[in-house]
Amino acid sequence: MSAIAPSHFAWELEDGVGVVTLTGAERKNPLTFDSYAELRDTFRELAYADDVHAIVITGEAGNFSSGGDVRDIIGPLTEMDMGGLLRFTRMTGDLVKAIRACPQPVIAAIDGVCVGAGAAIATACDIRFGTPAAKVAFLFTRVGLAGCDMGVCALLPRVIGQGRTAELLFTGRSMRAEEGERWGFYNRLVEADALLGEARELAASLASGPTFAHAMTKTMLDHEWNMSIPQAIEAEAQAQAICMQTRDFERAYRAFLARERPVFEGD
């Protein structure tokens, strides 16, 4: 992944931390047909990237993303037939599936505008940092569409609750930063000049940890949504038994005996 050079967003990889930066500052980093597809393909590739252990998604110039570009996407969509529309909506959903399916923890660093598809991408991340200026809105009803886009009706209630989700999706109003933190959408709020640094710091900490075990944690968090409690307990028993066979587990034990900090290698 260190060699990739995307055309429709910025990519940086350092010490196992990959940073995806949504670009297009003059229009608050909108998403286009091409950027959707390239982001989807990149996150699919991350499932096989041994050199990437944690990911940060952010936007340039003080905004996260203004969502689907009005000129490049919404206009053409009004002229498509049902087949074309379904191919597009499945592609955008596939991006969320790829973010959820990649084994690396994904952290969203959100400042300024984060609306529409941008808000859906942020919701799909595992952890979210925001700034006091961050404004998240699911604007789909504002353009005559349902709020159920890109998995939001499944993901957002699990983060902030059903009633709060319903209000945001029906009204399309912005969720203020302090609301988002109080409701659990944000893990923390930080000042804008510290946002990316704190997100990178957490990502680096995760990247230096037991990355195989982190991937297992992410998998179980995702899969257990559809399990009963007894099924989840059994699934976690199997998952933990697998992790107990890793060399990282042995390294942690030996480090404990030596009163040293374990150095994990992800195997």
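Residues numbered from 1 in each chain as written. Predicted model: local features only at pLDDT ≥ 70, side-chain atom pairs only at ≥ 80, totals over all residues. Heavy atoms only, no water.

1. Digging into the sheet that holds strand β6 (residues 127–130)
An order of β1-β2-β3-β4-β6-β9 is seen for the six strands of this open sheet, with the pairing classed as mixed. With partners counted over all chains shown, the strands left at the sheet margins are β1 (10–14) and β9 (188–189), one partner each. Sheet analysis places β6 next to β9, joined by two bridges and oriented parallel. The residue bridging Gly-130 from the neighbouring strand is Leu-189, located in β9. (Pairing = 2+ DSSP bridges. Helix = DSSP H or I, 4+ residues; strand = E, 2+ residues; numbered from the N terminus.)

2. Details of the packing of aromatic side chains
If you walk through the whole model with that rule in mind, you get three aromatic pairs. Here the aromatic rings of Phe-185 and Tyr-186 are separated by 5.2 Å at their centres, their planes lie at 85 degrees, and the arrangement is edge-to-face. Per residue, the accessibility class of Phe-185 equals that of Tyr-186, and both read buried. Taken together, Phe-33, Tyr-36 and Phe-88 form an aromatic cluster joined through their ring pairs. Here the basic side chain of Arg-128 rests over the ring of Phe-185, its NZ or CZ set 4.8 Å away from the ring centre. The side chain of Arg-158 reaches across the aromatic face of Trp-225, ending 4.3 Å from its centre. (Phe/Tyr/Trp six-rings, centres within 6.5 Å; stacked < 30°, edge-to-face > 60°. Buried < 20%, exposed > 50% of the residue type's maximum accessible area, 1.4 Å probe, protein only. Lys NZ or Arg CZ within 6 Å of the ring centre and 35° of its normal.)

3. A word on the sheet that holds strand β7 (residues 135–137)
Strand order in the open sheet formed by three strands is β5-β7-β8, with mixed pairing between adjacent strands. Whereas interior strands pair on both sides, the edge strands pair on one side only; in this sheet they are β5 (113–115) and β8 (174–175). Across the face of the sheet, helix α4 (residues 117–124) comes into contact with β5 and β7 while running at roughly 85 degrees to β5. (Contact = heavy atoms within 4.5 Å. Axes fitted to C-alpha atoms, helices over the stretch in contact; angles between N-to-C directions.)

4. Considering the layout of surface pockets
In this structure, the largest pocket encloses a volume near 660 Å³. In this structure, the largest pocket is lined by 28 residues; those nearest its centre are Ile-74, Leu-77, Phe-140, Val-143 and Leu-145. Of all the secondary structure elements, the ones that give two or more residues to the lining of the largest pocket are α2 (70–77) and α3 (82–101). Split by residue class, the lining of the largest pocket holds 17 nonpolar, seven polar and four charged. (1 Å grid on protein atoms, 1.4 Å probe; cavity = no way out; pocket = protein on both sides within 12 Å on 5 of 7 lines; lining within 4 Å. Points joined across faces, edges and corners; volume = space filled by probe spheres on them. Nonpolar A, V, L, I, M, F, W, Y, C, P; charged D, E, K, R; others polar.)

5. Some words on the pairing of β6
Going residue by residue along β6, you find Ile-127 and Phe-129 tucked away on one face and Arg-128 and Gly-130 tucked away on the opposite face as well. By the bridge criterion, four bridges tie strand β4 (residues 106–110) to β6 in an arrangement that is parallel. Bridge pairing links Ile-107 to Ile-127 in β6.

6. Quick look at helix α1 (residues 33–46)
Taking 1.5 Å of rise per residue, the 14 residues of α1 would be expected to cover 20 Å, and the 20 Å separating its terminal C-alpha atoms lies within 8% of that figure. All buried positions along α1 are accounted for by Ser-35, Tyr-36, Ala-37, Glu-38, Leu-39, Arg-40, Thr-42, Phe-43 and Leu-46. (Expected span 1.5 Å × (residues − 1).)

7. Things to note about the side chain of Thr-32
As for its position among the elements, Thr-32 is in the loop between β2 (17–22) and α1. In this structure, Thr-32 is in contact with Asp-69, Asp-72 and Ile-73, ignoring residues within four places of it in sequence.

8. Let's talk about the pattern of salt bridges
In this structure the tally under the stated criterion is 19 salt bridges. Of the charged contacts, one joins Asp-267 and Arg-247 as a salt bridge, the two residues approaching to 3.9 Å between their closest N and O atoms. In this pair, Asp-267 sits in the segment after α11 (247–257) while Arg-247 sits in helix α11, placing the two residues 20 residues apart along the sequence. With a relative accessible area of 33%, Asp-267 lands in the partly exposed category. (Salt bridge = Lys/Arg side-chain N within 4 Å of Asp/Glu carboxyl O.)

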